[in-house]
Amino acid sequence: MVVPPLSIAADLNSDGYDCLIWVGADYKQCSNDAVISALSPVLAVDQGAQSAGCVVPVSLPCKRLVYSPTGPLDRDYDDHRRFAEAAANGIKKALAAGSKHPLLAVQGNLPNKSAEDAQLSALLGALAAVYVPLEMREAVKERAAKVSGLGWAGAKKVMEEAQAIEAGRVVARDIGGSDPERMAAPKVEVYVQEAFKGTNVKVEVMKGQEFFEKEYPCLAAVNRCASQVPRHDGRLIWLTYEGEGTAKKTVYVVGKGITYDTGGADIKAGGVMAGMSRDKCGAAATAGLMKTIAELQPKGVKVVAALCMVRNSVGANAYVSDEIFTSRAGVRIRIGNT
C-alpha cells in the first residue's frame, strides 16, 4: 500500500522541492510576491491560462510554478471537487514538466465552508493523481511511483487526515481495480492479511465449499462452480476493529465481493461482461474503510466488516435458474437469474 511520503513546508521558500503547485480561485490572493510576479505577465497575455492554468519559472528555491485555478467557487453547483480537480490537474502538469517532488499550496474556500475542508479536498485530489495501480507497481518496478515525495504547505492536521484516508483509498483501489486473477478471492486474502499486519484490526478468514454450504448456503451456491478451481475458490473475510475504551457503538459493514461476474448460467453475452471484475468494489470499499479506521484509531467504537469474496463462474457445476436453496435465515429461495 503506497502513499507517497508527505512533508510539511514552513512556507513557499522551503528547500527540497522542485515545483510549486498553487491551487486557488485568484492568484492575486497569494501571500507570496514571487508567485504573483511570476504569473502576472503570463496571465496578462494569455487569458486561457486563467482557466486552464500554466507552468512558469518562479524566483523561489523550487524554480518551477504550476498555476492550477479552481475557477469560480460561489455558484450553486460548486463544491469541494473544484479543489480536488484543480490539485489533480496541477499534479499532472507538474509531472509532465518533469517534477518528482512537488510542493502543494492551496488557498481559498467555498462559501460558508472552512479553508481546512478545501485543503483536505485538494490534498486528496493530489494524492489520487499520484496513485499507481497495483499491477503496475508489481510488474514494472521503475514505474512503481510517480513522485519521490509530496510537500504540503498547509495544516499538519489536514495532512495527517489525508494520509489516513488515502491509505484506505489505496487499499480500495488495489482490490477493486485489479484484474480478476490478481484479485481472485485467495489473493484478496493474502493482500488483506498484509494490509492489516501490525494494526489493531483482527483478520479472520472462512473458506471451503463444505463449510459454506452449511453456514452460508447462498454464498455456496454462487461459489459452487468456482470452488472446483482452487485459485478462484471463495473466501469470507472478517475484519474487526475495537477502539480504546468501552464501545458505545458497534457498526457492521458488509461488502459485496464478486471477483468476476460472468453472469453464471445466465451468461453476460454481447460484450457486456467486460468490466465485471469491478463487481468486487463493495468489498474493496469496505476494506478501504477499515484501513482508514485502523489509521485514525477512533475510541469507543467497534466496527465489524465482512468481505464476501466469490467468483460467479460458468461451467458444468454452476448453479442455474429454477434451483431452490434454503438461506442461512431459513428462507427458501427460487433462483430466477444467476
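A few points on the structure. (Residues numbered from 1 in each chain as written. Predicted model: local features only at pLDDT ≥ 70, side-chain atom pairs only at ≥ 80, totals over all residues. Heavy atoms only, no water.)

This paragraph deals with the sheet that holds strand β1 (residues 6-8). Pairing is mixed in the open sheet, where 6 strands are placed in the order β1-β6-β5-β2-β4-β3. Each edge of the open sheet carries a strand with a single partner, namely β1 and β3 (54-57). On average, each strand axis in the sheet is inclined to that of its neighbour by 25 degrees, with strand direction left out of account. Where β3 lies against strand β4 (residues 64-69), 4 bridges are found, and the strand directions are antiparallel. If you follow V56 over to β4, its bridge partner there is L65. Against the sheet, helix α1 (residues 33-45) makes contact with β2 (19-24), β3 and β4, and its axis sits at roughly 120 degrees relative to β3, the strand it touches most. Packed on one face of the sheet, helix α4 (residues 115-129) meets β1, β5 (102-106) and β6 (150-152) and runs near 150 degrees to β5. (Pairing = 2+ DSSP bridges. Helix = DSSP H or I, 4+ residues; strand = E, 2+ residues; numbered from the N terminus. Axes fitted to C-alpha atoms, helices over the stretch in contact; angles between N-to-C directions. Contact = heavy atoms within 4.5 Å.)

In a regular helix each residue adds 1.5 Å, so 16 residues correspond to 22 Å; helix α3 (residues 81-96) covers 22 Å between its end C-alpha atoms and thus fits that length. For α3, every residue scored as buried is listed here: F83, A84, A86, A87, A88, G90, I91 and A94. On the buried face of α3, the contacting elements are β2, β4, β5, α4 and β6. Positioned one or two residues after α3, G98 has a phi angle of 105 degrees, which is positive. (Expected span 1.5 Å × (residues − 1). Buried < 20%, exposed > 50% of the residue type's maximum accessible area, 1.4 Å probe, protein only.)

Two elements in contact, helix α6 (residues 156-177) and helix α7 (residues 185-195), have axes separated by 11 Å at closest approach and are oriented at 170 degrees. As far as their axial angle goes, α7 and α6 are roughly antiparallel. Residues V170, V171, D174 and I175 of α6 pack against Y191, V192 and A195 of α7. Of the residues contributing to the contact of α6 with α7, the split by class is 6 nonpolar, no polar and 1 charged. (Parallel < 35°, antiparallel > 145°, perpendicular 65-115°, else oblique. Nonpolar A, V, L, I, M, F, W, Y, C, P; charged D, E, K, R; others polar.)

By secondary structure assignment, the location of T262 is in the loop between β9 (249-261) and α10 (281-296). Accessibility expressed as a relative area gives 7% for T262, which makes it buried. Within the structure, T262 has its side chain in polar contact with the backbone nitrogen of G264 (distance 2.9 Å). Setting aside its immediate chain neighbours within four residues, T262 contacts I267, K268, M273, N312, S313 and V314. (Polar contact = N/O pair within 3.5 Å; in protein donor to acceptor, adjacent residues only side chain to side chain.)

In this section: the layout of surface pockets. Space inside the largest pocket adds up to approximately 200 Å³. Lining the largest pocket are A9, A10, D11, L12, W22, C30, S31, N32, A105, V106, Q107 and A153. In terms of residue class, the lining of the largest pocket is built from 8 nonpolar, 3 polar and 1 charged. What lines the second largest pocket is Y216, P217, C218, L219, L236, W238, V254, A306, C308, S327 and R328. Of all the secondary structure elements, the ones that give two or more residues to the lining of the second largest pocket are α9 (217-226), β8 (235-242) and β10 (301-312). (1 Å grid on protein atoms, 1.4 Å probe; cavity = no way out; pocket = protein on both sides within 12 Å on 5 of 7 lines; lining within 4 Å. Points joined across faces, edges and corners; volume = space filled by probe spheres on them.)

On to the packing of α6 against α10, then. One can describe the packing of α6 onto α10 by two numbers: an axis separation of 7 Å at closest approach and a directional angle of 155 degrees. Compared by their axis directions, α6 and α10 come out roughly antiparallel. Considering the relative orientation of α6 and α10, their crossing is right-handed. Counted together, A164, I165, A167, G168, V171, A172, I175 and G176 of α6 and C281, A284, A285, A287, G288, K291, T292, E295 and L296 of α10 form the full contact between these two elements. Looking at the contact of α6 with α10 residue by residue, the class counts come to 11 nonpolar, 4 polar and 2 charged. (Left-handed = near helix turned anticlockwise from the far one by under 90°.)

Evaluated as defined, the whole model comprises 5 aromatic pairs. For the pair F211 and F212, a centre-to-centre distance of 5.9 Å together with 55 degrees between the ring planes defines the contact as tilted. What makes F211 partly exposed here is its relative accessible area of 30%. Each member of the aromatic cluster is reached from another via a ring pair, and the members are W22, Y27 and Y67. When the ring centre of Y131 is taken as origin, the NZ or CZ atom of R173, which lies over that ring, is 4.7 Å away. A cation sits over an aromatic face here: K291 above F196, 6.0 Å from the ring centre. (Phe/Tyr/Trp six-rings, centres within 6.5 Å; stacked < 30°, edge-to-face > 60°. Lys NZ or Arg CZ within 6 Å of the ring centre and 35° of its normal.)

Bringing the nonpolar core into the picture now. Counting residues in hydrophobic clusters, the biggest one holds 30 residues, and the most contacted among them are I21, V23, F83, L104 and L123. Contributions of two or more residues to this core are made by β2, α3, β5, α4, β6 and α6. By residue number, the principal contributor to this core is α4, which donates 8 residues. When near neighbours in sequence (up to four residues on either side) are disregarded, F83 contacts V23, T70, L73, V106, Q107, G108, N109, L110, A118, S121 and A122. Within the second largest apolar cluster, 26 residues are counted, among which are V171, I237, L239 and M309. (Core = buried A, V, L, I, M, F, W, Y, C linked by side-chain atoms within 4.5 Å.)

What the rule picks out here adds up to 0 disulfides. C225 takes part in no disulfide bond, and the closest cysteine sulfur, belonging to C218, lies 17 Å away. Take C225: its relative accessible area is 9%, and that puts it in the buried class. (Disulfide = S-S within 2.5 Å.)

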